[in-house]
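What follows is each chain in one-letter form.
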Amino acid sequence: MILFNKIDTNEKLKTFTKLADAIWHEYFPFLLSSEQINYMVKKFQSYEVVKSQIACGYNYYFIEKGSEICGYTGFCTKEDYLFLSKLYIKKEYRNSGLGRAALQFLSGIARKQGLKKIILTVNKYNDSTISAYKNWGFSIIDSVVTDIENGFVMDDYIMEYVMPFEIEN
């Protein structure tokens, strides 16, 4: 059974930061330098930053299978869409349906909030992740280069998932 466990205590947040650091250092060396990985983890996924984001309306959840924490997701509500900020799965659990389950979970949250789409950004050269999102129904709608300081940029596609039309009973 796949569970989504809200990160809502300092202890969970400490576990989250260790998990984020491990996943990023395992996954991104094919795409980013170790200096950029270290910088981005500190800038976007450190204890202080995530705690601040949660205080400003972001939601973070562990993705769990049984008693094992397999990954995490983070999102917030924007004007008329859910912004998927983070979705990361440990190496040994990739391609096991957890990403699809996470997107179903997020779609349910978006629907409850009356939102019609989910938007995310993904590195333009992260082909396997782009392919996964396309398989899940996302499409590329734009691209953006964001200066994240310290000599680094994020060169991303913006992808969108539009909720399927539902007939009300």
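Just above sits the structure.
Let's shift gears to the sheet that holds strand β7 (residues 152–162). Pairing is mixed across the open sheet formed by seven strands, whose spatial order is β1-β2-β3-β4-β5-β7-β6. Two strands bound the open sheet, and with one partner strand each, they are β1 (2–6) and β6 (139–149). Strand-to-strand, the axes of this sheet are offset by a mean angle of 30°, without reference to chain direction. Bridging between strand β3 (residues 68–77) and strand β4 (residues 82–89) involves seven bridges; their strand directions are antiparallel.

Most often, soluble globular proteins have nonpolar side chains that are buried together. Among the nonpolar cores identified, the biggest contains 27 residues, and F16, W24, F28 and Y72 are the most heavily contacted of them. No other element matches the seven residues that helix α1 (residues 10–27) contributes to this core. Those residues in contact with Y72 that sit more than four places away from it in its chain are F16, L19, A20, I23, W24, Q45, Y61, F62, I63, K86, L87 and Y88. Judged by nonpolar contacts, the second largest core, of 24 residues, contains C70, L87, L106 and I130.

Rules behind the numbers
- Residues numbered from 1 in each chain as written.
- Predicted model: local features only at pLDDT ≥ 70, side-chain atom pairs only at ≥ 80, totals over all residues.
- Heavy atoms only, no water.
- Pairing = 2+ DSSP bridges.
- Helix = DSSP H or I, 4+ residues; strand = E, 2+ residues; numbered from the N terminus.
- Axes fitted to C-alpha atoms, helices over the stretch in contact; angles between N-to-C directions.
- Core = buried A, V, L, I, M, F, W, Y, C linked by side-chain atoms within 4.5 Å.
- Buried < 20%, exposed > 50% of the residue type's maximum accessible area, 1.4 Å probe, protein only.
- Contact = heavy atoms within 4.5 Å.

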